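Summary of the model geometry
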Amino acid sequence: MMEFSLDRNVNKTGDIWHICIKDLPRSNVLYGYRMDGPRGWHEGHRFDSRVVLIDPYAKLVDGRRFFGDSSKKFSKFLGTYDFDSLPFAWGDNYKLPNIPEKDLVIYEMNVRAFTASESSGLDPDIRGSYLGVIEKIPHLQELGINAVELLPVFEFDEFEFQRRPNPRDHMINTWGYSTINFFAPMSRYASDGGGPLKASQEFKQMVKALHGAGIEVILDVVYNHTNEADDANPYTTSFRGIDNKVYYMLDLNNNGQLLNFSGCGNTLNCNHPVVMELIIDSLRHWVTEYHVDGFRFDLASALCRGSDGSPLSAPPVIRAIAKDSILSRCKIISEPWDCGGLYLVGRFPNWDRWAEWNGKYRDDLRRFIKGDSGMKGSFATRVSGSADLYKVNKRKPYHSVNFVIAHDGFTLYDLVSYNFKHNDANGEGGNDGSNDNLSWNCGYEGETDDSTVKAIRSRQMKNFHLALMISQGTPMMLMGDEYGHSRNGNNNSYGHDTAINHFQWGLLEARNSNHFRFFKEVIKFRRTHRVFGRDTFLEKNDVTWHEDNWHNYESKFLAFTFHDNNGGDVYMAFNAHDYFIKVPIPAAPVKRRWFRVVDTNLESPNDFVLDGVPGIKSTYNMAPYSSILLEAK
């Protein structure tokens, strides 16, 4: 180890500290900084010269080598570099997918959880790794999605909950929402404990392979907070010890305390010029070095606040991301809320580029499909593209990222199996996770052998999936929902590196092959029928609502037709009542007949018939809690 003291008269130019060290090895060197400065806590300073800090611009970070290795629980993280390796060979025939936003079907997934289970059938050395994802690309292709949205893959410390005794000290952070560094790929997602350089190379292999399969890569990025926690139990690794007052929002009227709009103890001061430059540089790095196709910004409303936490109408960092030339080809998606109550769904400052996770879509679909009264109009608004939220300036239907399920909350199976969260395994006495899940257990809480309850649950999962895939906008589904993954009612499973989160490949093959078949066929139907992926909002001639009962609060039925210029219309009906309805079927277009493609009440394979079943009469008897789709041919 060598340590050098920097002289401000020699090693500082403006605000930049620098040093030239000759004859260092070109790789396998760990480095960090000690910082000292004013000790005025009330002024926001947190300098501590005893702590070796990670360079915020380190492109690689080294720490423990194996994910969840408790023998290395208190490993230190330091920056490293590599100037020995040749540039990654992307290949002469390599090209970016460049999928239009209107055609995206997004699959939210966790790199480790996707293949960590023994049921993946993979060699133990690559389970839970970037290479593991490559091995399972055929599954993604069969499912039919064309974009993966990866839960955080920036370097994070999975043992952050275990640094001190607390109610969560039995858990391992498996979601990754606790960034140590914004440039370095998660090193423990490398195969066989390969470390940071191998992680970087294998991440590129994964991106190249996904692109080769026509699948884009969107990263879930966390710029609203870091791993450094709060002032009560700080975990100083970088920013806090370099310049707490610059990197974090502070309340200087309250003893310089950290402001917490993230729910994680600190909030990054994103609109400070230095922090904004760091964020833009980080995003550019992932685009130029790793060829990723876009970003989903966690708790993005926190990026819309000034240094004192007050909301900004035109946040500089949000505008800079939208206007940046290198990021111009990227999809940029906001989660338009934060933990401080800044809810910006439909109002996120967007410069006609930002898409949004549409939280209102999630809530309205859940309420209608489970049979709440008074939701018909809202359901119609959501499936037709949420024009009430997004038809402004030059925004498009695809700026609404539609979802019923995401990593945070119930899985699709649990949404139809539990009325209440069951988070005992988290150790927080049930105080964590949302209490308002808009779920319905279909008559019994949790697992049951009751065939009637199981049949309703199966229909409801298919109803949700069909509604999602026929909606105007960009659909997003969660990893595991294609086979009915359950977390046993846990709606906040961030800390479980177990079967609670791990993809269960055996269930995909065994218990739910019919379920999977329906899911993949509906996705492919969406992608091959342009009426579902319009890049303009529906006009009067694009849709017919077969409805004269809009104001009946008790009506839980909706039918409509999306029109195709060539006569290939698609008729859909959703019955959320608990009784059969005899539905009048409109006349098919001239020289066409209706063919039944979907009836979620029917057993597989009749629940989805690609070529369609002819003989549709003037009425159709729809079962309770079911949906149908007819195609004019």
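Above this text you will find the structure in question.
Residues numbered from 1 in each chain as written. Predicted model: local features only at pLDDT ≥ 70, side-chain atom pairs only at ≥ 80, totals over all residues. Heavy atoms only, no water.

1. Comments concerning the overall build of the protein
- A tally of regular secondary structure across the protein gives 14 helices and 23 strands.
- Over its C-alpha trace the protein gives a radius of gyration of 26 Å, about what one expects of a compact globule, namely 26 Å for 633 residues.
- Summarising its shape, the C-alpha atoms of the protein cover approximately 85 × 55 × 50 Å along the three principal directions.
- Buried residues in the protein amount to 59% of all 633 residues.
- Taking contacts inside the protein between residues at least 6 apart in sequence as the whole, the part at least 24 apart equals 71%.
- Of the roughly 25,800 Å² that the protein leaves accessible, carbon and sulfur atoms contribute 49%.
- With 71 positive and 80 negative side-chain charges, the protein shows a separation of 4 Å between the mean positions of the two kinds. (Helix = DSSP H or I, 4+ residues; strand = E, 2+ residues; numbered from the N terminus. Rg over C-alpha atoms; globule rule 2.2 N^0.38 Å. Buried < 20%, exposed > 50% of the residue type's maximum accessible area, 1.4 Å probe, protein only. Contact = heavy atoms within 4.5 Å. Areas by Shrake-Rupley, 256 points an atom, 1.4 Å probe, with all protein chains shown as cover. Lys, Arg positive; Asp, Glu negative; His and termini not counted. Charge placed at Lys NZ, Arg CZ, Asp CG, Glu CD.)

2. Regarding the pairing of strand 5 (residues 78-82)
- The element strand 5 is extensively covered by neighbouring structure, given that four of its five residues are classed as buried.
- Pairing analysis gives three bridges linking strand 3 (residues 27-31) to strand 5, with the strands arranged antiparallel. Opposite Tyr-31, over in strand 5, you have Gly-79 as the bridge partner.
- The sheet contact formed by strand 4 (residues 60-62) and strand 5 spans three bridges and is antiparallel. Considered in strand 5, the bridge of Val-61 is made with Gly-79. (Pairing = 2+ DSSP bridges.)

3. Focus on the sheet that holds strand 5
- Strand order in the open sheet formed by three strands is 3-5-4, and the pairing between neighbours is antiparallel. Edge strands, defined here as strands with exactly one partner in the open sheet, are strand 3 and strand 4. Averaged over all neighbouring strand pairs, the angle between strand axes comes to 40°, with direction disregarded.
- On the sheet, helix 4 (residues 195-212) packs against strand 4 and strand 5 and is oriented at approximately 140° with respect to strand 4. (Axes fitted to C-alpha atoms, helices over the stretch in contact; angles between N-to-C directions.)

4. Describing the packing of helix 8 (residues 359-369) against helix 12 (residues 451-470)
- At a closest axis distance of 11 Å, the pairing of helix 8 and helix 12 adopts a crossing angle of 140°. Judged by the angle between their axes, helix 8 and helix 12 are oblique. As helix 8 runs across helix 12, the sense of the crossing is right-handed. Residues Tyr-361, Leu-365, Arg-366 and Ile-369 of helix 8 form the contact with helix 12, whose own contacting residues are Gln-460, Asn-463, Phe-464, Ala-467 and Leu-468.
- Taken together, the residues of the contact of helix 8 with helix 12 break down into six nonpolar, two polar and one charged. (Parallel < 35°, antiparallel > 145°, perpendicular 65-115°, else oblique. Left-handed = near helix turned anticlockwise from the far one by under 90°. Nonpolar A, V, L, I, M, F, W, Y, C, P; charged D, E, K, R; others polar.)

5. Focus: the sheet that holds strand 16 (residues 543-545)
- What the six strands build is an open sheet, ordered 16-17-18-23-20-21; its pairing is antiparallel. A single partner strand is all that each edge strand has here, and the edge strands are strand 16 and strand 21 (608-613). On average, each strand axis in the sheet is tilted by 15° relative to the strand beside it, whichever way the strands run.
- Sheet strands touched by helix 9 (residues 376-383): strand 16, strand 17 (557-562) and strand 18 (570-575). Its angle to strand 17, the strand with the most contacts, is close to 25°.

6. A few points about the pattern of salt bridges
- Inspection of the entire model under this criterion finds 34 salt bridges.
- For Asp-231, the salt bridge goes to Arg-46, with nearest N and O atoms at 3.0 Å. Here Asp-231 is found in the loop between strand 8 (216-221) and helix 5 (239-247), whereas its partner Arg-46 is found in the loop between strand 3 and strand 4, with 185 residues between them in sequence. Note on accessibility: Asp-231 and Arg-46 belong to one class, buried.
- With its nearest N and O atoms 3.7 Å apart, the salt bridge here joins Arg-284 to Asp-281. Placement of both Arg-284 and Asp-281 in helix 6 (residues 273-288) is noted, with a separation of three residues, approximately one turn of the helix.
- Residue classification places Arg-284 among the partly exposed positions, given a relative accessible area of 29%.
- On the accessibility criterion, Asp-281 (22% relative accessible area) is partly exposed. (Salt bridge = Lys/Arg side-chain N within 4 Å of Asp/Glu carboxyl O.)

7. Some details on empty space enclosed by the protein
- Under the counting rule described, the total for this entry stands at five cavities of 30 Å³ or more.
- In this structure, the largest cavity encloses a volume near 130 Å³.
- Every residue lining the largest cavity is counted, 17 residues in all, and those nearest its centre are Asn-110, Leu-478, Met-479, Arg-487 and Asn-501.
- For the lining of the largest cavity, the per-class residue count stands at nine nonpolar, six polar and two charged.
- One number sums up the size of the second largest cavity: a volume of about 80 Å³.
- Mapped by element, the contributors of at least two residues to the lining of the second largest cavity are helix 12 and strand 15 (474-478).
- Sort the elements by how many residues they give to the lining of the second largest cavity and helix 12 lands first, with three residues.
- The class makeup of the residues in the lining of the second largest cavity is eight nonpolar, one polar and one charged. (1 Å grid on protein atoms, 1.4 Å probe; cavity = no way out; pocket = protein on both sides within 12 Å on 5 of 7 lines; lining within 4 Å. Points joined across faces, edges and corners; volume = space filled by probe spheres on them.)

8. Quick look at the pairing of strand 11 (residues 294-297)
- Residues Gly-294 and Arg-296 line one face of strand 11 and the alternating positions Phe-295 and Phe-297 line the opposite face, and both faces are buried.
- Pairing of strand 8 with strand 11 involves four bridges; the strand directions are parallel. Residue pairing in the sheet places Asp-220 in a bridge with Arg-296 of strand 11.
- Judged from the four bridges that link them, strand 11 and strand 12 (residues 331-334) form a sheet pairing that is parallel.

9. What about a nonpolar patch on the surface?
- There is a patch of nonpolar side chains on the surface, built from Met-2, Phe-4, Leu-6, Trp-17, Ile-19, Ile-21 and Leu-24 and spanning about 610 Å² of accessible area.
- Inspection of the secondary structure puts Met-2 in the segment before strand 1 (12-13). (Patch = residues over 30% accessible without salt bridge, like charges linked within 9 Å, V, L, I, M, F, W, Y side chains within 5 Å.)

10. Here's the deal with the packing of helix 8 against helix 9
- As a packed pair, helix 8 and helix 9 sit with axes 9 Å apart at the nearest point and diverge in direction by 135°. Taken together, helix 8 and helix 9 sit at an angle that is classed as oblique. For the crossing formed where helix 8 meets helix 9, the hand is left-handed. On the side of helix 8, the interface is formed by Lys-360, Tyr-361, Asp-364, Leu-365, Phe-368 and Ile-369, while helix 9 contributes Lys-376, Ser-378, Phe-379, Arg-382 and Val-383.

11. Looking at the side chain of Arg-534
- Among the secondary structure elements, Arg-534 is positioned in the loop between helix 14 (513-527) and strand 16.
- Only 2.6 Å separates the side chain of Arg-534 from the backbone oxygen of His-563, close enough to count as a polar contact.
- Dropping the residues within four chain positions of it, Arg-534 is found in contact with Lys-102, Pro-397, Gln-472, Asp-542 and His-563. (Polar contact = N/O pair within 3.5 Å; in protein donor to acceptor, adjacent residues only side chain to side chain.)

12. Examining helix 5
- Along helix 5, seven of the nine residues are buried, which leaves the element largely enclosed by surrounding structure.
- Among the residues of helix 5, those classed as buried are Phe-239, Arg-240, Gly-241, Ile-242, Asn-244, Val-246 and Tyr-247.

13. Observations concerning the environment of Arg-329
- Within the secondary structure, Arg-329 sits in the loop between helix 7 (316-323) and strand 12.
- By relative accessible area, which is 27% here, Arg-329 ends up partly exposed.
- With 325 residues separating them along the chain, Arg-329 and Phe-4 place their C-alpha atoms 42 Å apart.
- Arg-329 has contacts with Leu-96, Val-287, His-291, Val-292 and Asp-293, leaving out every residue within four places of it along the chain.
- From its side chain, Arg-329 meets the backbone oxygen of Val-292 in a polar contact 2.9 Å long.

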